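# Structural overview
Now for the letters of each chain:
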Amino acid sequence: MAIRRGRGVAAINYPTGMNLGGDPTQALVHSTPTGNFMVTLSSVDLGQGMKQIMAQICAETIGVPTDRVVVDTADTDTGPHCMGTFASRGTHRAGNAVIQAAKEARQVMLEVAAEELEVNASDLETDGQGNIQVKGAPQKSISIFDVALSAHFKRGRSISGRGMFLIPRSYPEKETGAMKPSTCYAHACTVAEVEVDDETGEVTVLTVKNVFEIGRALNPKMVEQQLVGGSWMGISHALYETTEPYYPNRDHGGTDFNQYLMPGPGDLAETEIIVLERPSADGPFGAKGPGEMCANPQIPAVANAVFDAVGVRIDTLPITPERILRALKARAAS
Amino acid sequence: MAKVPVQFTLNGSEKAEFIESGTTLLNALRDKIGDTSPKGGCHQGTCGACSVIIDGELRLSCLTLAETCNGADIKTTAGLAEGGVLHPLQRAFLDAFATQCGFCTPGMIMAAKVLLDRTPNPSREDVVEALSGNICRCTGYEPIIQAVLVAARANSQNAA
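## Section: the domain arrangement of chain A
Residue and element names in this part refer to chain A. For chain A, the assigned domains are domain 1 (3-16 + 182-333) and domain 2 (23-167). A C-alpha centroid distance of 39 Å is found between domain 1 and domain 2. Domain 1 puts 18 residues into the contact, and the matching count from domain 2 is 17 residues. Only β1 (3-16), β9 (183-197) and α4 (220-239) provide two or more residues apiece to the side of domain 1 that touches domain 2. Its residues placed into classes, the side of domain 1 that touches domain 2 shows 9 nonpolar, 7 polar and 2 charged.

Below you can see the structure in the form of structure tokens.
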């Protein structure tokens with residue numbers, strides 16, 4: 001009986017979005033009378049930072065500072081249609097819709113500015129600080145504040161835009177079954193080191209080293225936050241979490257936070273995160289979906305590390321001490 | 001059921017309410033007084049989201065009856081900022097990205113405050129121990145641990 005060390009590696013490809021009846025998200029953008037911009041969405045921010053990212057995308061597209069954009073995700077009954085915040089699709093799908101809506105709004109904004117400045121709209125550019133100026137002659141400029149006032153009170157224009165992003169449903173080819181069920185794959189690789197006590201079956205994850213390829217990181221600190229939390233959650237899925245430990249039997253299923261196991265602050269593995277940015281062709285500013293994928297590669301990596309440590313394959317999650325001891329016993333008996 | 005009077009100090013100001021006997025402090029704070037910074041996660045004392053400070057001690061407000069708090073000095077996360085300036089712990093949680101959905105954050109900050117009030121220069125193990133009664137689903141805990149350590153350093157620099 002001993003503490004045995006093992007190391008496991010796993011790599012994943014992870015899709016963005018899904019292929020049910022088509023995968024649409026729509027967005028609306030409009031300016032207030034004072035030249036702030038509202039993004040209206042039904043895509044819900046669960047805490048992952050959807051509002052911040054959509055504000056950045058809208059601001060970048062229109063050419064204003066991010067703090068001039070307000071994102072409203074209040075009501076899925078009345079907002080533009082979105083399939084939802086899941087399948088790592090929020091940034092990719094909603095982001096593309098916001099870009100389209102913001103482009104249309106920007107065009108109206110430039111047209112109004114062109115009338116005020118008595119120039120051609122195609123000769124105008126934004127300075128990113130809240131002003132519109134003539135290309136090559138920045139002294140001839142107007143603030144977006146004044147453009148919005150003019151649109152609302154003088155010109156009778158709505159500085160607004162509609163955005164629609166749809167991945168159509170993909171049907172399998174009858175002969176081959178080939179289809180395109182998802183788009184825009186993110187990638188990850190994890191190396192996990194574990195210690196397994198072959199007397200108690202207890203697994204301790206010592207280190208997890210993760211590399212994530214997530215397209216362009218639109219907000220690097222928020223990406224890092226998501227990946228650190230996701231890596232922890234992957235270990236939690238690998239070793240702890242289940243509602244039905246004897247599925248399909250419901251016995252001993254956790255019914256509250258007391259019985260539902262997750263690693264706490266004292267159970268953390270030394271975690272390393274490396275982000276590779278290879279901008280995607282169809283993502284908003286090259287982004288992919290780093291949401292769900294970040295909690296996936298740790299699971300097979302830990303399973304492989306357990307095999308490396310004690311020589312048994314556990315193919316049911318979570319990898320509990322009981323499952324390891326039963327597997328060791330079965331191997332000894334055979 | 002007869003209502004009972006309860007009086008205590010909340011974040012420095014006197015509060016007096018009539019409550020149903022048996023009301024938890026969590027529900028009294030949120031529904032009667034309007035301080036929604038303590039969160040109701042499990043209502044059984046296992047998640048720590050409802051943590052408040054009562055007479056200097058970290059307490060679970062979901063397991064504390066409001067009527068036992070007569071005369072008590074209660075502090076919540078809502079009372080930490082002074083004159084619009086965030087408490088060093090709040091600042092550190094923001095800077096360290098130690099919050100995602102934010103539901104556990106007020107409880108984490110209360111637990112951390114009691115730790116720093118008693119142990120101004122805690123070790124990592126001290127921080128882990130202090131946070132061990134609080135559950136977080138999003139962050140993986142590491143950013144929270146780092147935020148508490150950063151806040152402790154900021155405090156000790158201010159004191160020096």
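## Observations regarding the interface of chain B and chain A
Counting from both sides, the interface comprises 19 residues of chain B and, opposite them, 20 residues of chain A. Those elements that place two or more of their residues in the side of chain B that touches chain A are α4 (124-131) and α5 (142-159) of chain B. Per element, the largest residue contribution to the side of chain B that touches chain A is 3 residues, and it comes from α5(B). Grouping the constituent residues of the side of chain B that touches chain A by class yields 11 nonpolar, 7 polar and 1 charged.

## Looking at unusual backbone geometry
Residues and elements named next belong to chain A. The residue after Y247, namely P248, is reached through a cis peptide bond having omega 5°. Here P248 is to be found in the loop between α4 and β11 (270-276). One non-glycine residue, A87, adopts positive backbone phi at about 55°. Mapped onto the elements of the fold, A87 is located in the loop between β4 (69-72) and α2 (90-117). Among the residues examined, A87 registers 21 C-beta atoms within 10 Å and is labelled buried.

## So, the sheet that holds strand β8 (residues 160-167) of chain A
Residues and elements named next belong to chain A. Overall, mixed pairing links the 4 strands, which are arranged β4-β3-β2-β8 in an open sheet. On the outer flanks of this sheet lie β4 and β8, each paired with one strand and no other. In this sheet, neighbouring strand axes are inclined to one another by 20° on average, regardless of whether the strands run parallel or antiparallel. Bridge count between strand β2 (residues 23-31) and strand β3 (residues 37-40): 4 bridges; the pairing is antiparallel. Bridge pairing in β3 links S31 to F37. Helix α1 (residues 50-62) rests against β2, β3 and β4 of the sheet, and its axis sits at about 135° to β4.

## A few points about the domain arrangement of chain B
All names here are of chain B. As far as domains go, chain B holds domain 1 (3-79) and domain 2 (88-159). Computed from C-alpha atoms alone, the centre-to-centre distance between domain 1 and domain 2 is 22 Å. Each partner contributes to the interface: domain 1 provides 13 residues, whereas domain 2 provides 12 residues. The element that contributes the greatest number of residues to the side of domain 1 that touches domain 2 is strand β3 (residues 51-54), accounting for 3 residues.

## Section: the sheet that holds β11(A)
Residues and elements named next belong to chain A. Reading across from one edge, β1-β9-β10-β11 is the order of the 4 strands in this open sheet, with mixed pairing throughout. Each end of this open sheet is capped by a strand with a single partner; those strands are β1 and β11. Neighbour-to-neighbour, the strand axes of the sheet open up by a mean angle of 15°, direction not taken into account. Direction of pairing for β9 relative to strand β10 (residues 203-213): antiparallel, over a ladder of 10 bridges. Following the sheet pairing, E193 is matched in β10 by T207.

The rules we used
Counting of residues starts from 1 at the beginning of each chain's written sequence and follows it residue by residue. Labels are handed out in written order, letters beginning with A for the chains and numbers beginning with 1 for the ligands. Local features in this predicted model are restricted to residues of pLDDT 70 or higher, and side-chain atom pairs are both shown and tallied only at a pLDDT of 80 or more, whereas totals for entire chains, interfaces and linings draw on every residue. Domain segmentation is taken from an automatic or database assignment of domains. By the convention adopted here, residues make contact when the C-beta atoms placed from their backbones lie within 7 Å. Working definition: helices are DSSP H or I runs of at least four residues, strands are E runs of at least two. Numbering for both runs from the N terminus. All amino acids are sorted into three groups, where Ala, Val, Leu, Ile, Met, Phe, Trp, Tyr, Cys and Pro are nonpolar, Asp, Glu, Lys and Arg are charged, and the leftover types, Gly among them, are polar. Backbone-placed C-beta atoms define the burial measure: a residue is buried with 20 or more other C-beta atoms within 10 Å of its own, exposed with 12 or fewer, and partly exposed in between. Each pair of strands is called paired provided DSSP finds at least two bridges between the two strands. Lines fitted to C-alpha atoms define the axes, with helix axes restricted to the stretch in contact, and inter-axis angles between N-to-C directions lie between 0 and 180 degrees.

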